[in-house]
Amino acid sequence: MATVFITGAAGFLGSHLTDRFIAEGWRVVALDSFLTGAPENLAHLAGHDRFRFIRYDVTQYLFVAEPLDLILHFACPASPSDYLAYPIHTMKVDSIGTLHSLGLAKAKRARYLLASTSEVYGDPEVHPQPESYWGRVNPIGPRSVYDEAKRFSEALTMAYHHAHKLDTRIARIFNVYGPRMRVQDGRAVPNFMTQALRGEPITVYGDGQQTRSLCFVSDLVEGVFRLATSEGLSGEVVNIGNPEEHTMEGLARMIAEITSSQSPIQFRELPLDDPRRRRPEIEKARRLLNWEPVMPLAEGLCLTADYFRMKLSGDSRVQ
Ligand code: UDP
């Protein structure tokens, strides 16, 4: 039986990936500090014989006694409001934490997959963004704690790949949404959902004409699972995201409609260095992984709205 070690396993993406690996018959050793992850995301796996949870901060020295076949480094605050609240810790998780998890992969001769981000492209001049684009990141702006740490993590991952012949893969993850995002997450989808369902004004930043391309979490999990488990992809960097692009004002209106909300749209100041456009080029994922997203945005938003409805009504069954 194969064992995967997942950092950030109690987070939004980490917990969905944990479920997927359990469903595929793997053993999962799950690590989380609960800085932004939540115990309820994994509560349904308590007592499962192929699941072990360790509450731990990946920036501390990592020791795992058992053999590991695969390591997924998904720990890191990922919402702009989180990484602004924890700027130094964000940098540590994606520098020291990446170093520790790569060191563990080297010691175990395990395959390693880094959760990177479309933020490595910054506010891009090339649109859509292919993996070959080097990006346009402000190294001292408010988002730099995340962007530059992820860029450092990518460089470190490639260094381990070249120097130690480690089998590595880098997933550049574009905007993802779905159940298990937190009410207080601060990103566009959870903010708009919460505001629409509560009948509060929907806060659109700037003129709302900036774009993002939103991938439902089940599609993301499928892409990452294929990247992690396919043979012959060592050293590859692959965009995982949905190439359908929407303005944030359009997204706000769609969420208001889906939730039958009367909430007005309220325009607020655009955060500094907020990328103007973002859309993945996914030809590489199509070619290497035979993967592309299948969930239509309207359907994914309905599923997400069901989750937020339960969350806001205080239903304890919600994970
Ligand atoms: N945004 C917004 N209202 C909100 C939260 C976010 O208009 O309440 C905008 C934000 O300025 C950005 C886009 O939505 O242009 C996506 O932001 P998010 O925080 O979801 O992720 P990002 O892609 O910026 O990391």
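This text follows the structure it describes.
None of these values were measured; they are calculated from a predicted model.

1. Side note on helix α1 (residues 12–23)
Working note: α-helix, 3.6 residues per turn, so residues spaced by three or four point in the same direction.
So, step 1. In this model α1 runs 17 Å from its N-terminal to its C-terminal C-alpha over twelve residues, within 8% of the 16 Å that 1.5 Å per residue would give.
So, step 2. Among the twelve residues in α1, ten count as buried, and that is most of the element.
So, step 3. All of the buried residues along α1 are Phe12, Leu13, Gly14, Ser15, His16, Leu17, Thr18, Arg20, Phe21 and Ile22.
So, step 4. The positive-phi residue at the C-terminal boundary of α1 is Gly25, with phi of around 90 degrees.

2. So, the site of the ligand
So, step 1. Close to the ligand lie 18 residues; Thr203, Tyr205, Arg212, Asp274 and Arg278 are nearest.
So, step 2. Within the contact set of the ligand, an oxygen atom lies 2.8 Å away from a backbone nitrogen or oxygen of Ala188.
So, step 3. In the environment of the ligand, an oxygen atom lies 3.0 Å from a nitrogen or oxygen atom belonging to the side chain of Gln210.
So, step 4. For the ligand, the protein covers 95% of the area, taking 520 Å² as the surface of the free molecule.

3. Here's the deal with the pattern of salt bridges
So, step 1. Considering all chains together, one arrives at 30 salt bridges under this definition.
So, step 2. Note that Glu148 and Arg151 form a salt bridge whose closest N and O atoms lie 3.7 Å from each other. Of this pair, Glu148 and Arg151 both sit in helix α5 (residues 144–164), three residues apart, which is roughly one turn of the helix.
So, step 3. The exposure class assigned to Glu148 is partly exposed, which follows from its relative accessible area of 23%.
So, step 4. The partner of Asp207 in a salt bridge is Arg276, and the shortest N-O contact between them spans 3.4 Å. Residue Asp207 is found in the loop between β8 (202–205) and β9 (211–213), and its partner Arg276 is found in the loop between β13 (265–268) and α9 (283–289); the two are separated by 69 residues along the sequence.
So, step 5. For Asp207, a relative accessible area of 40% gives the class partly exposed.
So, step 6. Its relative accessible area of 36% is what places Arg276 among the partly exposed residues.

4. Quick look at unusual backbone geometry
So, step 1. The omega torsion across His127 and Pro128 is -10 degrees, close enough to zero to call that bond cis.
So, step 2. Examined against the element boundaries, Pro128 turns out to sit in the loop between β5 (111–117) and α5.
So, step 3. Of note, the phi angle at Arg109 is positive, near 55 degrees, even though the residue is not glycine.
So, step 4. On the secondary structure map, Arg109 appears in the loop between α4 (96–108) and β5.

5. A few points about the nonpolar core
So, step 1. The biggest cluster of nonpolar side chains holds 60 residues, and the ones touching the most others in it are Phe21, Leu72 and Phe74.
So, step 2. The element best represented in this core is helix α7 (residues 217–229), accounting for seven residues.
So, step 3. If we skip the residues at most four places from it in the chain, Leu72 touches Val4, Phe5, Ile6, Thr7, Leu17, Phe21, Leu113 and Ala228.
So, step 4. Leu68, Leu104, Tyr146 and Ile170 belong to the second-largest nonpolar core, a separate cluster that totals 25 residues.

6. Here's the deal with the packing of aromatic side chains
So, step 1. Per the stated rule, a full pass over the model turns up eight aromatic pairs.
So, step 2. Centroid distance Tyr307 to Phe308: 5.6 Å. Interplanar angle 90 degrees. Geometry classified as edge-to-face.
So, step 3. Overall, Tyr307 belongs to the buried group, its relative accessible area being 6%.
So, step 4. By relative accessible area, Phe308 is classed as buried at 0%.
So, step 5. In textbook terms, an aromatic cluster arises when at least three aromatic residues are bridged by ring pairs, as seen for Phe21, Trp26 and Phe225.
So, step 6. Here the basic side chain of Arg20 rests over the ring of Phe225, its NZ or CZ set 4.3 Å away from the ring centre.

7. Let's talk about the pairing of strand β2 (residues 27–32)
So, step 1. Among the six residues in β2, five count as buried, and that is most of the element.
So, step 2. Two strands pair when backbone bridges link them, and strand β1 (residues 3–7) and β2 are joined in this way by five bridges, in the parallel orientation. Bridge pairing in β2 links Val4 to Val28.
So, step 3. Between the parallel elements β1 and β2, the chain passes through α1 in a crossover that is right-handed.

8. Some details on the environment of Tyr146
So, step 1. The residue Tyr146 is located in helix α5 in this model.
So, step 2. A relative accessible area of 7% means that Tyr146 is categorised as buried.
So, step 3. Between the C-alpha atoms of Tyr146 and Val221, which are 75 residues apart in sequence, the distance is 22 Å.
So, step 4. Once you skip the residues sitting within four places of it in the chain, Tyr146 turns out to touch Cys76, Pro77, Ala78, Tyr83, Thr90, Thr117 and Glu119.

9. So, the sheet that holds strand β4 (residues 70–73)
So, step 1. Taken in spatial order, the seven strands line up as β3-β2-β1-β4-β5-β6-β11 in an open sheet, and their pairing is parallel. The two strands at the open ends of the sheet, each matched to only one other strand, are β3 (51–55) and β11 (236–240). With strand direction ignored, the average angle separating the axes of adjacent strands in the sheet is 20 degrees.
So, step 2. Judged from the four bridges that link them, β4 and β5 form a sheet pairing that is parallel. Within the sheet, the bridge partner assigned to His73 lies in β5 and is Leu114.
So, step 3. Here α1 sits on the sheet in contact with β1, β2, β3, β4 and β6 (168–173), set at roughly 170 degrees to β1.
So, step 4. The strands that α4 touches are β1, β4 and β5; relative to β4, the one it contacts most, it runs at about 175 degrees.

Cut-offs and rules
Residues numbered from 1 in each chain as written. Predicted model: local features only at pLDDT ≥ 70, side-chain atom pairs only at ≥ 80, totals over all residues. Heavy atoms only, no water. Helix = DSSP H or I, 4+ residues; strand = E, 2+ residues; numbered from the N terminus. Expected span 1.5 Å × (residues − 1). Buried < 20%, exposed > 50% of the residue type's maximum accessible area, 1.4 Å probe, protein only. Near = heavy atom within 4 Å. Polar contact = N/O pair within 3.5 Å; in protein donor to acceptor, adjacent residues only side chain to side chain. Areas by Shrake-Rupley, 256 points an atom, 1.4 Å probe, with all protein chains shown as cover. Salt bridge = Lys/Arg side-chain N within 4 Å of Asp/Glu carboxyl O. Core = buried A, V, L, I, M, F, W, Y, C linked by side-chain atoms within 4.5 Å. Contact = heavy atoms within 4.5 Å. Phe/Tyr/Trp six-rings, centres within 6.5 Å; stacked < 30°, edge-to-face > 60°. Lys NZ or Arg CZ within 6 Å of the ring centre and 35° of its normal. Pairing = 2+ DSSP bridges. Right-handed = clockwise from strand over helix to strand, strands pointing away. Axes fitted to C-alpha atoms, helices over the stretch in contact; angles between N-to-C directions.

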